[in-house]
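Inside the fold
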Amino acid sequence: MDHVATRLIVVAVVSGALAACTSTQSTAPVPAYHNRAVTRTEGGLQVSTAVLSPGESTAIYGVPLADKEIQPVWIEVRNREDRSYFLLSPGVDPNFFPASEAAEAFAGSASQDHKIELDRRFRTLAFRNPVRPGETVAGFVLTNLNEGAKLVQIDLVAKERARTFSVFVAVPGFEADYKTSQVFKRAADPQEATLNYTIDADLRAALEALPCCATNKDGTDDGDPLNLVIVGGLDDAFPALVRRGWGVTEQKWSGAIWRMIGAALSGEAYVNAPVSDLYLFGRAQDLALQKARDNVHQRNHMRLWLSNIRYHDKPVWVGQISRDIGTRLTIHSPTFTTHKIDPDVDEARTAFTEDMMYSQNLAEMGLANGVGAAPRTAPRKNLTTDPYHTDGYRVVLVFDRQPTSIDHIQVFPWITPYRVVHAVQGTPP
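Starting afresh in each chain, residues are numbered from 1 along the sequence in its written order. With the structure being a predicted model, the display of local features is reserved for residues of pLDDT at least 70 and the display and counting of side-chain atom pairs for 80 or more, all residues being used for whole-chain, interface and lining totals. Note that water and hydrogens are dropped before the side-chain values are worked out from all heavy atoms of the structure.

Focus: the sheet that holds strand 7 (residues 161–170)
Between any two strands, at least two bridges found by DSSP are needed for them to pair. Each helix is a run of DSSP H or I of at least 4 residues and each strand a run of E of at least 2, with the numbering of both proceeding from the N terminus. The sheet built from three strands is open, its strands ordered 4-6-7 with antiparallel pairing. Sheet topology places strand 4 (86–87) and strand 7 at the edges, where each strand pairs with a single neighbour. In this structure, strand 6 (residues 149–158) lies alongside strand 7, joined through ten bridges in antiparallel fashion. For Val157, the partnering residue across the bridge sits in strand 7 and is Ala162.

Quick look at the structure:
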């Protein structure tokens, strides 16, 4: 509640300064990026947002913003409520670039007339408050550059009211592994018949009936254990992942492969490094995500497959998560490189669960059987011959759009010897 109160104080301060402004604001021109904008509605507010590619931002602003690590985010707000709203730019990016600062970065030794024109253009394109009742306002917030995907948080505040929209947006110009837009479209409007469970015991049975592991393309050899289930989608689970620093991986094209090899040899960072294909439901992963560190050798990564299971109408993703602790060359991968995984795959599963507890969107969690135990004394191996051991459980994480504090996360009463469960319940393990 403290952050809501803070926002309302900000509104009280800025509303007085802007109260005298009564002219209707015109929207920015709507080029092609408007067609891929993501739209959300709550109450009488409708917001749409899209992230510009480097080429689009150059065409609109007349200067190469990406060269300065600046990325415009287009936001449109349609207000059909009874009070004026204000967009808080720091919510979109705490280190956003004001229009004047960004324009000055490109002024250089230009003539005074050119500097004035540059400043005018940037200010004209910027999103400008307020959004009065009955108005539609559109403009850009200049953020720091992201590749792959961007979490756009839109905080709109009014007198005694605040609304927040967390929107997961694909960044154009980046070849993400397995076109996320197609995957999410299939999640929202599945082509195959789905099984929607509303009874927890039925969900558990369905999850425990899934295969233990991902496989090779032919399905003849088992690979990494399927130790993760994510329940949710664009409105809850994926914003939570991006908020905690998870990003999409790049497709395995020649440039990415050579960059991966170079990074493996030099140890430099590659935050969108590709992952190899594993298979489930007769297809390679629908989505691969990773949380990279300062060098290519270390990262947490996951592969996710969209299943035909739903839980209270939410899509259910079956996945594999592990922690990479090194890289090496190998003949067992088509890229000739692979990450060596930490043999304790349960640690990566638990660390991810704890990470998501801080995301504000994790509503319920628990453990189900299905992987099968592999003790330290008799570990199994994945497809690149790395050994791993596990207690045999898969974690089930249910996300919700509404924020949930850590002490209010619910726990499925399925399997109790789990240290995160005990931490939440306040009982000794």
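Next comes the rest of the description.
Brief notes about the sheet that holds strand 1 (residues 38–42)
An order of 1-2-3-5 is seen for the four strands of this open sheet, with the pairing classed as antiparallel. Both outer strands of the open sheet, strand 1 and strand 5 (136–144), are each paired with one neighbouring strand and no more. On average, adjacent strands in this sheet sit at an angle of 20° to one another, irrespective of strand direction. As judged from the seven bridges shared by strand 2 (residues 45–51) and strand 3 (residues 70–79), these two strands associate in the antiparallel manner. From the neighbouring strand, Ser48 faces strand 3, where its bridge partner is Glu76. Contacts are assigned to residue pairs with any non-hydrogen atoms lying within 4.5 Å of each other. Whenever a helix is involved, its axis is fitted only over the stretch in contact; in every case the axis is a line through C-alpha atoms, and angles between N-to-C directions fall within 0 to 180 degrees. Relative to strand 5, helix 2 (residues 54–61) is tilted by about 120°, and along the sheet it contacts strand 2, strand 3 and strand 5.

Things to note about the pattern of salt bridges
By definition, a salt bridge exists where a carboxyl oxygen of Asp or Glu is found within 4 Å of a side-chain nitrogen of Lys or Arg. According to the stated counting rule, one finds 20 salt bridges in the structure shown. Ionic pairing is found between Arg161 and Glu81, a salt bridge with its closest N-O pair at 2.7 Å. In this pair, Arg161 is assigned in strand 7 and Glu81 in the loop between strand 3 and strand 4, connecting sequence segments 80 residues apart. Three exposure classes are used, based on accessible area relative to the maximum for each residue type with a 1.4 Å probe and protein chains only: buried under 20%, partly exposed in between, and exposed over 50%. Classification of Arg161 as partly exposed rests on a relative accessible area of 24%. Glu81 gets classed as buried once you look at its relative accessible area, which sits at 11%.

Section: the environment of Leu304
Looking at the element boundaries, Leu304 is found in strand 16 (residues 299–311). Overall, Leu304 belongs to the buried group, its relative accessible area being 0%. Those residues in contact with Leu304, other than ones at most four positions away along the chain, are Leu228, Ile230, Phe238, Gln285, Asp286, Leu287, Leu289, Trp317, Val318 and Gly319.

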